[in-house]
Amino acid sequence: TAVAELSEMIAEAEAILPFTGAGISTECGIPDFRSPGGLWTKNRPIPFDEFLASQDMRDESWRRRFAIDATFGAARPGRGHSALASLYRSGKVPAVVTQNIDNLHQASGIAPQDVVELHGNTTYALCLECERRYELEWIKEQFDANGQHAPDCTCGGFIKTATVSFGQSMPAAAMQRAEDLTKRCDLFLAVGSSLVVWPAAGFPLMAKRNGASLVIINRDPTEFDEIADLVVRHDIGDVLGPFIQH
Ligand code: OAD
């Protein structure tokens, strides 16, 4: 079976690079983006230029962020996160590259410096000008006290969750680190991503071109399935659960 084959590949690999997407967090109660009920099936994403251009869009963006806070705040790592954390502790996984913004890899016990976030993190905010960090609790207080308007930084800059919006530049250091890790791995594990968003989707391809084996674990088919060495179209928690070590 595919799962037995995966076990064998993991046992034989020396440097495994997990590359995760929203599908690893759905069992934690966080919807993904493109499945039925996904975030982008409910709301159109707010592109970065629109966030910059209008106070209304900034307010809307913060309204949405606070609305999902109930789900995000309570979310705990799932079986996929725990399995990857176990492989990390065993020394086979040097770091995790993620498109996720939910902080759950860190919560599962992977050291923050070994979670390479390509799309940032939504559990805190940054000033777009001076990069001062803000906590969401404080922003919510200001938002409510100010008639549901997003506060600005003391420097006058706009404050935004520390995530990468469409049209916003990718974090250079994370991109470089992801590239280095991709080129050094012998097994690249794409987990829970539709692999449609670029440049992130370039990493599985880069891994394959550099001679690594490519495994895709995802419920729905992806465009990279045909170049993968193994495709596992099952529930991530079920597939990775057996790799959890307490
Ligand atoms: P998507 O929503 O595009 O894809 C998630 C994939 O996970 C889908 O193909 C599902 O089939 C699969 N999936 C969901 N739950 C699963 C489960 N329990 N077991 C197995 N598979 C499951 O999410 P991403 O690929 O992460 O970027 O999206 C990429 C980027 O698009 C995100 O980082 C975000 C979004 O716009 C930004 O916001 C910049």
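Our structure is the block above this text.
Computed from a predicted model, the values in this text were never measured in an experiment.

Quick notes on the rules
Residues numbered from 1 in each chain as written. Predicted model: local features only at pLDDT ≥ 70, side-chain atom pairs only at ≥ 80, totals over all residues. Heavy atoms only, no water. 1 Å grid on protein atoms, 1.4 Å probe; cavity = no way out; pocket = protein on both sides within 12 Å on 5 of 7 lines; lining within 4 Å. Points joined across faces, edges and corners; volume = space filled by probe spheres on them. Helix = DSSP H or I, 4+ residues; strand = E, 2+ residues; numbered from the N terminus. Nonpolar A, V, L, I, M, F, W, Y, C, P; charged D, E, K, R; others polar. Pairing = 2+ DSSP bridges. Axes fitted to C-alpha atoms, helices over the stretch in contact; angles between N-to-C directions. Contact = heavy atoms within 4.5 Å. Buried < 20%, exposed > 50% of the residue type's maximum accessible area, 1.4 Å probe, protein only. Right-handed = clockwise from strand over helix to strand, strands pointing away. Left-handed = near helix turned anticlockwise from the far one by under 90°. Phe/Tyr/Trp six-rings, centres within 6.5 Å; stacked < 30°, edge-to-face > 60°. Lys NZ or Arg CZ within 6 Å of the ring centre and 35° of its normal. Arc of directions from axis to C-beta.

1. Regarding the layout of surface pockets
- Taken as a whole, the second largest pocket spans an internal volume of roughly 450 Å³.
- Lining the second largest pocket we find 19 residues, and of these Leu126, Ala162, Val164, Gln168 and Pro171 sit closest to its centre.
- Mapped by element, the contributors of at least two residues to the lining of the second largest pocket are β4 (120-127), β6 (159-163) and α9 (172-184).
- Per element, the largest residue contribution to the lining of the second largest pocket is five residues, and it comes from β4.
- Broken down by class, the residue content of the lining of the second largest pocket amounts to 10 nonpolar, six polar and three charged.

2. Quick word on the sheet that holds strand β7 (residues 187-191)
- Spatial ordering of the open sheet is given by β3-β2-β1-β7-β8-β9, a layout of six strands whose pairing is parallel. Where the open sheet ends on each side, the last strands, each with one partner, are β3 (115-117) and β9 (230-232). If you compare each strand with its neighbour and ignore which way they point, the axes differ by 20 degrees on average.
- Sheet analysis places strand β1 (residues 16-20) next to strand β2 (residues 96-98), joined by two bridges and oriented parallel. Each bridged residue has a counterpart across the sheet, and for threonine 20 the counterpart in β2 is threonine 98.
- On the sheet, helix α1 (residues 2-12) packs against β1, β7, β8 (213-217) and β9 and is oriented at approximately 125 degrees with respect to β9.
- Running over the sheet, helix α10 (residues 202-209) touches β1, β7 and β8 and is turned about 160 degrees from β7.

3. Considering the sheet that holds β4
- If you trace the three strands from one edge of the open sheet to the other, you get β5-β4-β6, paired in antiparallel fashion. Each having just a single partner strand, β5 (133-134) and β6 make up the two edges of the open sheet.
- The pairing of β4 with β5 spans two bridges and is classified as antiparallel. Its bridge partner lying in β5, alanine 125 is registered against tyrosine 134.
- Set on the sheet, helix α4 (residues 55-67) makes contact with β4 and β6; between it and β6 the angle comes to about 50 degrees.
- In this fold helix α8 (residues 136-145) packs onto β4, β5 and β6, with an angle of close to 60 degrees to the strand it touches most, β4.

4. Considerations on the pairing of β7
- Within β7, five of the five residues are buried, which leaves the element mostly enclosed by the surrounding structure.
- Where burial is concerned, the two faces of β7 agree: the one with Leu187, Leu189 and Val191 and the one with Phe188 and Ala190 are both buried.
- Summarising the sheet, β7 and β8 pair through five bridges and their orientation is parallel. Paired with alanine 190 across the strands is isoleucine 216, a residue of β8.
- Assessed by its sense of winding, the connection that carries the chain from β7 through α10 to β8 is right-handed.

5. Regarding the packing of α9 against α10
- Direction vectors running N to C along α9 and α10 enclose 35 degrees, while the axes themselves pass 9 Å from each other. In this structure, the crossing between α9 and α10 has a hand that is right-handed. Contacts between α9 and α10 involve Met175, Ala178, Glu179, Thr182 and Lys183 on the former and, on the latter, Phe203, Met206 and Ala207.
- Among the residues making up the contact of α9 with α10, the classes are represented as five nonpolar, one polar and two charged.

6. Examining the packing of aromatic side chains
- Under the definition given, this model contains eight aromatic pairs.
- Members of the aromatic cluster, joined through ring pairs, are Phe19, Phe188 and Phe203.
- Looking at arginine 133, its charged tip hangs above the ring of tyrosine 124, at a distance of 4.1 Å from the centre.

7. What about α1?
- Taken together, the buried positions of α1 are Leu6, Met9 and Ile10. Down the axis of α1, the sector holding all buried residues measures 100 degrees, keeping them to one side. Structural note: α1 exposes Glu8, Ala11 and Glu12 on the side pointing more than 90 degrees away from its buried face.
- On the buried face of α1, the contacting elements are β1, α6 (79-89), β7, β8, β9 and α11 (236-240).

8. Concerning unusual backbone geometry
- A cis amide bond links tryptophan 198 to the next residue, proline 199, at an omega of 10 degrees.
- Turning to its location among the elements, proline 199 is positioned in the loop between β7 and α10.
- Phi at asparagine 103 takes a positive value of approximately 70 degrees, unusual for a residue other than glycine.
- Secondary-structure assignment places asparagine 103 in the loop between β2 and α7 (104-107).
- We classify asparagine 103 as partly exposed; its relative accessible area is 26%.
- Phi is positive for leucine 195, which is not a glycine, with a value near 55 degrees.
- Considering the arrangement of structural elements, one finds leucine 195 in the loop between β7 and α10.

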